[in-house]
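A look at the structure
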Amino acid sequence: MTDLSPLLQPDRGQPARPIHVVHPDDWTTWLNAQPPRVRTAVAAAKVTGKAGNRAVLPGDGADDWSMLLVCDEGEASPFRIASLGEQLPAGTYRLANGEPGAAMLGWVLGQYRFDRYRKDEKAEGPRVLLTGEPGRIDETLRLAAATFRVRDLVNTPASDMGPADLEAEAASLAKAHDATLTVTRGDPLEQGYPMIHAVGMAAARGREPRLIELEWGDPAHPRLAIVGKGVCFDTGGLDIKPGAGMRLMKKDMGGAAHALALAGVVMAQRLPVRLHLLVPAVENAVAGNAFRPGDVLMTRKGLTVENTNTDAEGRLILGDALTKAVEGKPDMILDFATLTGAARVALGPELPALFANDDRLADDLLDAGIAQKDPLWRLPLWDGYDEMLKSDIADLVNAADGPFAGPITAALFLRRFVPKGIAWAHFDLFAWRPAAKPGRPKGGDAMSLRATWAMLKTRYGV
């Protein structure tokens, strides 16, 4: 991963170009206080004080200049100056008034590039932002690095991001933080995690299914389980997707990317927990040995599942992983998954659906989402829809008939594998931005990561 540390530096009075950030409400007052040459430059740039206006302002010398940005986002927004982090020329900058604070994160995120498959181009130097709050730099850079990790993993095509590649990513994390890595595959997977095996058994050689586990931390600390759906490509199985529906399915391991990234932050920040990371990694392929509609699958928990839709495979692999997480008697379970298209229909691409069996946990996550500008929207674990999961021949089906309440019935399926008494939250997220915004390019992206970390930091302390 690229070293991000040059992008944020302590302000020790070194030379830097000023950035003037002006709220539209303060525009007239600010403009009237400027010397004539600045007002002339503003007029020439047709800046009217509307949010998004910007201009290069002249300084005292021929080579002196500063940047003006009219912005209506508050100081708590990470993306207040993110557009400048993307667009300014290489150099060193500081805010003309005040500290960047939360905006340091957006400054760094705006400089993300996914160039793995591009021809080498002349690298531009870094855009460095100075801050008088050096104590905030390390955590900001770790959150930025975690976001970059999610983006890189999701943007990488399935040809280079299979189950073995997710395993390699977990192994790299384990090595970096002196954690223990365990990988279950082959016969032990088939016997111990039958749903993970069933979903992934049609994949080509070298892309076999596996359960990846990482453990870290003092066993005396509260146990935190983080689970991520790792479907590295989803054809839909024998219930095959249409071409348009398959186009973005390299991102169906977005839950695993979030779980790996969050685990990295937990370990790097040395959160006092006993971490248990679980990533069921599969490819849902089409072949003669693919699992079929109508098959009845055994689960690690002992329940039987009638497979009514091979394209509802994510909840199957998560069911076995959640069962293993529960066996460790965790204090909390968080699972991340690109689980249902119905959640995107309901909430759109930017707003993850949150389900939780614990109101305090849900409230803490929602509050953190607001504070971190990383929003979530809670949907109900509505008991009345449990009957949609009834099967005539097994304990339950994996997908209800009909178009109703898709995200809820998927979450209710997962709830069957988490006993009452263990705080559990499930994130149904998109992990992809169909359009760019400042600091948030089109493509893979982290959603709910900052909110979840803020909740964990508050809950367990650092």
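Higher on the page you've got the structure.
Residues numbered from 1 in each chain as written. Predicted model: local features only at pLDDT ≥ 70, side-chain atom pairs only at ≥ 80, totals over all residues. Heavy atoms only, no water.

Here we look at the packing of helix α13 (residues 359-371) against helix α15 (residues 449-460)
This is how it is decided: Helix axes are fitted only over the stretch in contact, all axes being lines through C-alpha atoms; the angle between N-to-C directions runs from 0 to 180 degrees. Every helix listed is a DSSP run of H or I at least four residues long, and every strand listed is a run of E at least two residues long, numbered separately from the N terminus. The scheme is simple: roughly parallel for angles under 35 degrees, roughly antiparallel for over 145, roughly perpendicular for 65 to 115, oblique for anything else. A crossing counts as left-handed when the near helix is turned anticlockwise from the far one by less than a right angle, and as right-handed when that turn is clockwise. Contact criterion: two residues are considered in contact whenever any of their non-hydrogen atoms come within 4.5 Å of each other. Three classes are used, and their members are as follows: Ala, Val, Leu, Ile, Met, Phe, Trp, Tyr, Cys and Pro are nonpolar, Asp, Glu, Lys and Arg are charged, and the others, Gly among them, are polar.
Running from N to C, α13 and α15 cross one another at 120 degrees; their axes reach a closest spacing of 8 Å. With respect to each other, α13 and α15 are oriented oblique. As α13 packs across α15, the resulting crossing turns out to be right-handed. Of the residues in α15, those in contact with R360, L361, D364, L365, A368 and G369 of α13 are A451, T452, A454, M455 and R459. Residue composition of the contact of α13 with α15, by class: six nonpolar, two polar and three charged.

Topic: the environment of H276
Relative to the assigned elements, H276 resides in strand β11 (residues 274-284). Taking the C-alpha atoms as reference points, H276 and E213, 63 residues apart in sequence, are found 7.0 Å from one another. With residues near it in sequence (within four places) discarded, H276 still touches E213, L214, E215, R223, L224, A225, I226, K324 and A325.

What about the pairing of strand β18 (residues 423-428)?
Counted only if it meets this: Exposure categories follow from relative accessible area, calculated using a 1.4 Å probe and restricted to protein chains: below 20% of the type maximum is buried, above 50% is exposed, and the middle band is partly exposed. Criterion used throughout: strands pair if DSSP finds at least two bridges between them.
For β18, a buried count of six out of six residues is recorded, marking the element as mostly surrounded by other parts of the structure. The alternating pattern of β18 places A423, A425 and F427 on one face and W424, H426 and D428 on the opposite face, and all of these are buried. Here strand β14 (residues 332-337) runs beside β18; their pairing, made up of six bridges, is parallel. Bridging across to β18, L334 finds its partner in A425.

Some thoughts on the nonpolar core
Convention followed: Here, nonpolar core means buried Ala, Val, Leu, Ile, Met, Phe, Trp, Tyr and Cys residues that are tied together by side-chain atoms lying within 4.5 Å of each other.
L166, L334 and L456 are the most contacted members of the largest nonpolar core, which has 87 residues in total. Among residues more than four places away in sequence, those in contact with L334 are L224, A225, I226, V227, L262, A425, F427, T452, M455 and L456. Counting residues in hydrophobic clusters, the runner-up holds 44 residues, among them Y193, A343, V418 and W424.

Quick notes on the pattern of salt bridges
Defined as follows: Counted as salt bridges are all cases of a side-chain nitrogen of Lys or Arg within 4 Å of a carboxyl oxygen of Asp or Glu.
One pass over the full model with this rule turns up 30 salt bridges. We note a salt bridge from E169 to R149, for which the minimum N-O separation is 2.3 Å. In this pair, E169 sits in helix α6 (residues 163-177) while R149 sits in helix α5 (residues 137-155), placing the two residues 20 residues apart along the sequence. This pair shows no difference in class: E169 is buried, exactly as R149 is. Between K229 and E313 there is a salt bridge, and its shortest N-O distance comes to 3.7 Å.

Comments concerning the sheet that holds strand β4 (residues 65-70)
One open sheet holds the six strands; their spatial order is β1-β6-β5-β2-β4-β3, and the pairing between them is mixed. The sheet is open, and its two borders are formed by β1 (8-10) and β3 (54-58), each paired with just one other strand. Each strand of the sheet is rotated relative to its neighbour by a mean of 30 degrees, with strand direction disregarded. Where β3 meets β4, five bridges bridge the pair, whose relative direction is antiparallel. The residue bridging A55 from the neighbouring strand is L68, located in β4. On the sheet, helix α2 (residues 36-44) packs against β3 and β4 and is oriented at approximately 150 degrees with respect to β3.

A word on a negative patch on the surface
Short version of the rule: Patches draw on residues past 30% relative accessible area with no salt bridge. Two like charges within 9 Å are joined, as are two nonpolar side chains (Val, Leu, Ile, Met, Phe, Trp, Tyr) within 5 Å. Accessibility throughout is a Shrake-Rupley quantity obtained with a 1.4 Å probe, and a residue counts as covered only by protein chains that appear here. In this tally, Lys and Arg are treated as positive and Asp and Glu as negative; His is ignored, and so are the chain termini. Just so you know, the charge point we use is NZ for Lys, CZ for Arg, CG for Asp and CD for Glu.
A cluster of acidic residues, D25, D26, D72 and E73, forms a negative patch on the protein surface. Summarising the element assignment, D25 is placed in the loop between β2 (17-22) and α1 (27-32).

Digging into the sheet that holds strand β17 (residues 396-397)
Taken together, the three strands give an open sheet; going across it, the order is β12-β13-β17, and neighbouring strands pair in mixed fashion. Across the chains shown, the open sheet's two edge strands, defined by having one partner strand only, are β12 (296-298) and β17. Direction of pairing for strand β13 (residues 304-306) relative to β17: parallel, over a ladder of two bridges. Note on β17: the bridge partner recorded for E306 is V397.

Considerations on unusual backbone geometry
Residues other than glycine seldom take positive phi values, yet K46 does so here, at roughly 60 degrees. Looking at the secondary structure, you find K46 in the loop between α2 and β3. Its identity is not glycine, yet A405 carries a phi of approximately 55 degrees, on the positive side. Looking at A405, the relative accessible area reads 21%, which means it is partly exposed.

A word on the packing of α5 against α15
The geometry of α5 relative to α15 is characterised by a closest axis approach of 11 Å and an angle of 135 degrees between their N-to-C directions. Taken together, the axis directions place α5 and α15 in an arrangement best described as oblique. Two packed elements cross with a definite hand, and for α5 against α15 that hand is right-handed. Contacts from E139, L143, A146 and T147 in α5 reach L449, W453 and K457 in α15. Here the contact of α5 with α15 is built from residues that sort into four nonpolar, one polar and two charged.

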